[in-house]
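Each chain, written out:
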Amino acid sequence: MNHPQRVPRIVVVGSVNLDLVLRCEQIARPGETLTGRDLQEHFGGKGANQAVAAARLGADVWLIGRVGTDGFGEVLLQGLQSAGVQTRYVQRTPGASGVAVIQVADTGQNSIVVIPGANGCLTVEDVQDASSVIRSADVLLVQFEVPLEAVEAAVRIAVESGVRVIVDPAPACRGVSPVILRADWLLPNETEAEALSGIAVVDRAGAERAGQQLLQAGAKRVVVTLGGSGVLLVDSDGQLLSAQPFQVPAVDTTAAGDAFAGGLACALAGGASDAEAVRYACAVGALAVTKHGAQAAMPAADEVRRLLEQQPGAGCLQGVQG
Ligand code: ADP
């Protein structure tokens, strides 16, 4: 990828959470009290994860979101700032911050309860107040963990100003406004592709059909991410392309999709072609699964550059025989 003249600017509209991870022998059953092993706090939320991914790769990243006035709110803001994310448009909202309580058993089973808290209070006005930074961006990146009206408002501002829009439609949901679906890039994983298109995605053929359907629904390009099997791209002409994954030792697949989205945004904002950007994003997603955690696993630009050099054939888009 060529280096841009100026630092690429990415605006993310999305969620900020504190993940409280309780490790225990087994998941507590209803009515049961267990003694756990330990409690860890991790920064999370798809918006924050993707913002941190892009910032670690060197982009100028601005997050539009909300945290609470509780103690977690301050911790979350500081976490974003120390990761290099601009937080001028992350407001404090009275009450609780977004929190995910995650029980992880020794067997690897988990159970997760998410309290959206302040994330659920993000408004259209919040987004409009930040319209000047959206207009100044190279790429707008959004997900679905904040109210969709706010997401839609951001997409409208970006489209009016010719700013490219990447939509990561996660978590999976139905009834999404066509304005949001008409993104330059729509990045569903298999579950999300199924929820958005209504087409069962149980194999690659299903992913292809769902991708085509989402293109017809207005998306300009659809990338269905397939975890350890790479990606499928339906490009703006309806052509099907796929890329083999980078070969890496996977230890924790948490936030691979967030890494991919942050990597794609960074590459496109920096002037990469579509094919270069998809390859770059695949490398960022792959590196994220080699480490534990979400934000802690996001790679730096040097690590990505090395992987791109080491595996020249991986992540390269090739036509799919239809
Ligand atoms: P999500 O977290 O949204 O479900 P995926 O699991 O599909 O996202 O991962 C996003 C991308 O990250 C994949 O398309 C792939 O490029 C990369 N990736 C994920 N898991 C692996 C893996 N085990 N090996 C190599 N690359 C991976």
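It should be noted that the structure appears before, not after, this text.
Reading the values: the criteria
Residues numbered from 1 in each chain as written. Predicted model: local features only at pLDDT ≥ 70, side-chain atom pairs only at ≥ 80, totals over all residues. Heavy atoms only, no water. Helix = DSSP H or I, 4+ residues; strand = E, 2+ residues; numbered from the N terminus. Contact = heavy atoms within 4.5 Å. Buried < 20%, exposed > 50% of the residue type's maximum accessible area, 1.4 Å probe, protein only. Arc of directions from axis to C-beta. Pairing = 2+ DSSP bridges. Axes fitted to C-alpha atoms, helices over the stretch in contact; angles between N-to-C directions.

1. Overview of the environment of Gly44
- Note that Gly44 resides in strand E3 (residues 38–44).
- For the pair formed by Gly44 and Gln244, sequence separation is 200 residues and the distance between their alpha carbons is 28 Å.
- The contacts of Gly44, once residues within four sequence positions are left out, are Ser15, Val16, Asn17, Asp19, Asn49 and Gln295.

2. A closer look at unusual backbone geometry
- For the peptide bond that leads from Ala170 to Pro171, omega is 0°, which places it in the cis range.
- Inspection of the secondary structure puts Pro171 in the loop between strand E10 (164–167) and helix H6 (178–181).
- Its identity is not glycine, yet Ala255 carries a phi of approximately 65°, on the positive side.

3. Concerning helix H11 (residues 301–310)
- Along H11, the residues that are buried comprise Ala301, Val304, Leu307 and Leu308. Here the buried residues of H11 occupy an arc of 125° about the axis, which is enough to place them on one side. Structural note: H11 exposes Glu309 and Gln310 on the side pointing more than 90 degrees away from its buried face.
- The secondary structure elements touched by the buried residues of H11 are helix H1 (46–56) and helix H10 (274–288).

4. With respect to the environment of His42
- Relative to the assigned elements, His42 resides in strand E3.
- Remark: the alpha-carbon pair of His42 and Leu232, spanning 190 residues in sequence, is separated by 31 Å.
- In contact with His42, not counting residues within four places along its chain, are Asn17, Leu18, Asp19 and Val21.

5. Some points on the sheet that holds strand E8 (residues 110–115)
- Spatially, the four strands line up as an open sheet ordered E3-E2-E7-E8, and their pairing is mixed. Of all strands in the sheet, those with a lone pairing partner are E3 and E8, marking the two edges. With strand direction ignored, the average angle separating the axes of adjacent strands in the sheet is 20°.
- Of the pairings in the sheet, the one linking strand E2 (residues 17–24) to E3 comprises seven bridges and is antiparallel in character. Within E3, the position partnered with Leu20 by the bridge is Glu41.
- Against the sheet, helix H2 (residues 71–82) touches E2, E3 and strand E7 (98–105), its axis set at about 105° to E2.

Take it as geometry only, folks, not as evidence of what the structure does.
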